[in-house]
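# What the coordinates show
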2 protein chains.
Amino acid sequence: MTGQSAGAPTRRPTRQQLAVAAALGQTEDFVSAQQLHARLRGDGNPIGLATVYRCLAALAAVGRLDVLRTDDGEAVYRQCSTDHHHHLVCRICGRTVEVAGPTVESWAESVAREHGFRDVRHTIEIVGTCATC
Amino acid sequence: MTGQSAGAPTRRPTRQQLAVAAALGQTEDFVSAQQLHARLRGDGNPIGLATVYRCLAALAAVGRLDVLRTDDGEAVYRQCSTDHHHHLVCRICGRTVEVAGPTVESWAESVAREHGFRDVRHTIEIVGTCATC
DNA sequence: ACGGAAATGAGAATCATTGTCAACCCGCGG
DNA sequence: CCGCGGGTTGACAATGATTCTCATTTCCGT
Ligand SMILES: [Zn+2]
Ligand SMILES: [Zn+2]
Ligand SMILES: [Zn+2]
Ligand SMILES: [Zn+2]
């Protein structure tokens, strides 16, 4: 109980960690660790794959990232935005529309509470065929 | 139109497929392909791991199984009830509660239509910490 | 029963993720 | 300012679920 128990055991700052954080800050889309690694290197930012995983894990542990799994099991990460929303994706052309709705938010919240669940998070993805496809 | 000709290319029935279906019918819990494989063999029911995966994929394709991913990316399957629903999962003990709500269904539908999307599907996962954890 | 197509199974191959461990770097004490 | 200790990194090996390969077996219509 003593010591710096409270909050995040601050990680020692390094170039790599900043790079990862910066890269995540440049997009609102979900990216996989592999993609992020490739992107960083592409931007002339040398970093090891294992380090990318470690940074992502660290950020996720502190709750700064949203993590979800694609259908084929790959983990994808996104910087938690203060502005919570979901995506409507076209299964043909990939067009993505951001949608937000208090309706679904409160529904999820109430459903969870109703069953005694705490610290609730949710993942919602709506997939369809867009008007032009 | 004419029977199920257009839809599901009916799979040729075999002992293995029946065994997999039967095993899935014996439990309400989610099981991984590996677990199912072990269980089947344990019950003196010889079957190849690849076949288990194939059967599961086939069943899931026809919509007879609910599939979801554990935090570590492993796919788990469960025979699903005929009705559409979603899952409330405990991030600690894995306890799963089925939830259904016209609220969220119509919300998803309207949001999609509002943007001109057709043939809409959605994925919703609510994760939290259950009362006993 | 016969023949061809579908299904199976053992093992190899794939691929994201994690573990290993020596080299490296950052902040602090001297 | 300089050197040390321990957190951090990175190349590579290891893991483990899932998929692929292909020879063999099984099912089904004829
Ligand atoms: Zn489209
Ligand atoms: Zn939401
Ligand atoms: Zn629980
Ligand atoms: Zn639904």
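Residues numbered from 1 in each chain as written. Chains lettered and ligands numbered in written order. Predicted model: local features only at pLDDT ≥ 70, side-chain atom pairs only at ≥ 80, totals over all residues. Heavy atoms only, no water.

Turning our attention to the interface of chain B and chain A. With 37 residues of chain B at the contact, the number on the chain A side is 37 residues. Buried area between chain B and chain A, summed over both chains or domains, comes out near 2,900 Å², and the portion from carbon and sulfur atoms is 65%. Counting the surface chain B buries against chain A, the share from its top three residues, B:Trp107, B:Phe117 and B:Arg118, is 23%. Where chain B packs against chain A, one counts zero salt bridges. Taken together, the links from chain B to chain A amount to 15 residue pairs in polar contact (both at pLDDT 80 or more). Of all the secondary-structure elements, those providing two or more residues to the side of chain B that touches chain A are strand S4 (86-90), strand S5 (96-99), helix H4 (102-114) and strand S6 (118-129) of chain B. (Contact = heavy atoms within 4.5 Å. Buried area = accessible area lost by both parts, 1.4 Å probe. Salt bridge = Lys/Arg side-chain N within 4 Å of Asp/Glu carboxyl O. Polar contact = N/O pair within 3.5 Å; in protein donor to acceptor, adjacent residues only side chain to side chain. Helix = DSSP H or I, 4+ residues; strand = E, 2+ residues; numbered from the N terminus.)

Below, the discussion takes up the relation of the copies chain B and chain A. Between the two copies, chain B and chain A, the superposition gives an RMSD of 2.3 Å; the rotation angle is 175° and the shift along the axis is 0.7 Å. These values place the two chain copies in the arrangement generated by a two-fold rotation axis. Relative to the rotation axis, the closest C-alpha in chain B is found at B:Ile124, a distance of 1.6 Å. Mapped onto chain A, 100% of the interface residues of chain B are again interface residues, and the two copies thus contact each other with one and the same surface. (Least-squares fit on C-alpha atoms with pLDDT ≥ 70 in both.)

Interpretation in functional terms is not warranted from these geometric data alone.
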